[in-house]
Amino acid sequence: MSDTTTASPSPVVLEAWFDLQCPDCFRALDDVRALREKYGDRLDVQLRHFPLAKHKHAYAAAQAAEEAFEQGKGWPYTEALLARTDDLADRGEPVLLEIAGELGLDAEEFDTALIDGRHLLTVDADEAEGKAIKVTGTPTYVVDGERLDGGQSQEGLRERIEEIVDRLLKS
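Described in the following lines is the structure provided in the data block. Since this is a predicted model, take the numbers as computed values, not measurements.

## Quick look at the overall build of the protein
Turning to step 1, where the next piece is worked out: Assigned secondary structure in the protein consists of eight helices and four strands.
Turning to step 2, where the next piece is worked out: When the helices and strands of the protein are placed in sequence order, the string is β-α-β-α-α-α-α-α-α-β-β-α.
Turning to step 3, where the next piece is worked out: Dimensions of the protein, computed from the C-alpha atoms along their principal axes, are close to 55 × 45 × 30 Å.
Turning to step 4, where the next piece is worked out: Residues counted as buried form 45% of the 171 residues belonging to the protein.
Turning to step 5, where the next piece is worked out: Put simply, the protein shows about 9100 Å² of open surface, and 49% of that area lies on carbon and sulfur atoms.
Turning to step 6, where the next piece is worked out: If the 19 positive side-chain charges of the protein are averaged to one point and the 36 negative ones to another, these points end up 5 Å apart.

## Notes on the nonpolar core
Turning to step 1, where the next piece is worked out: The biggest cluster of nonpolar side chains holds 39 residues, and the ones touching the most others in it are Phe-18, Tyr-77, Leu-96 and Tyr-141.
Turning to step 2, where the next piece is worked out: Among the elements that make up this core, the one with the highest residue count is helix H1 (residues 23–39) (six residues).
Turning to step 3, where the next piece is worked out: Filtering out sequence-adjacent residues up to four positions away, Leu-96 remains in contact with Ala-60, Ala-61, Ala-64, Tyr-77, Leu-81, Leu-88, Phe-110 and Leu-114.
Turning to step 4, where the next piece is worked out: In terms of nonpolar packing, the next biggest core, distinct from the first, is built from five residues, Trp-17, Phe-50, Val-135 and Val-142 among them.

## Quick look at helix H8 (residues 157–170)
Turning to step 1, where the next piece is worked out: Taking 1.5 Å of rise per residue, 14 residues should cover 20 Å, and H8 covers 20 Å from first to last C-alpha, within 8% of that figure.
Turning to step 2, where the next piece is worked out: In this fold, the buried residues of H8 make contact with strand S1 (12–18), H1, strand S2 (43–49), strand S3 (140–143) and strand S4 (146–149).

## Observations concerning unusual backbone geometry
Turning to step 1, where the next piece is worked out: At the junction of Thr-138 and Pro-139, the peptide bond is cis and its omega measures out at 0° in the coordinates.
Turning to step 2, where the next piece is worked out: Among the structural elements, Pro-139 can be located in the loop between helix H7 (120–132) and S3.
Turning to step 3, where the next piece is worked out: The residue Lys-134 is not glycine, and still its phi comes out positive at about 70°.
Turning to step 4, where the next piece is worked out: The phi angle at Asp-144 is positive, at roughly 50°, despite the residue not being glycine.
Turning to step 5, where the next piece is worked out: Considering the arrangement of structural elements, one finds Asp-144 in the loop between S3 and S4.
Turning to step 6, where the next piece is worked out: For Asp-144, a relative accessible area of 47% translates into the label partly exposed.

Conventions we followed
Residues numbered from 1 in each chain as written. Predicted model: local features only at pLDDT ≥ 70, side-chain atom pairs only at ≥ 80, totals over all residues. Heavy atoms only, no water. Helix = DSSP H or I, 4+ residues; strand = E, 2+ residues; numbered from the N terminus. Buried < 20%, exposed > 50% of the residue type's maximum accessible area, 1.4 Å probe, protein only. Areas by Shrake-Rupley, 256 points an atom, 1.4 Å probe, with all protein chains shown as cover. Lys, Arg positive; Asp, Glu negative; His and termini not counted. Charge placed at Lys NZ, Arg CZ, Asp CG, Glu CD. Core = buried A, V, L, I, M, F, W, Y, C linked by side-chain atoms within 4.5 Å. Contact = heavy atoms within 4.5 Å. Expected span 1.5 Å × (residues − 1).

Any functional reading would require information that these geometric values do not contain.
Here it is as structure tokens:
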């Protein structure tokens, strides 16, 4: 007996290279939301970490986001955290635990994860890969092997991403 159902095509992958203490990345969330709304499950937006040295708490924030993904609320956590970049800059790591608690995540496990460093390898690997592909600022996107740098300006980025995604979905 053969299966006559056809598998849905794989979604297009959009890597979003973010620093989670970066105000520009917060502004970029509007584009990410619009892209998700337009393409639904045909676009897989993947958070990639590129903590910038100028942001003191970005590295810990990236680890916390990984814990949020482990607990099933990665993007809601990422969005809530980016909405509080000033608070994170002023108050530091306690903000990471507060947001976890506000979202109903296990804040104690977040604290443990930040201490034991269980997500260090993921963040380090993202940062190394970002450097290898010449990410220099955030936000930066990669879709179909093309790097689109929003570190200086985000103007026109969403339109360019849409052009690439539309082309890939038609092929």
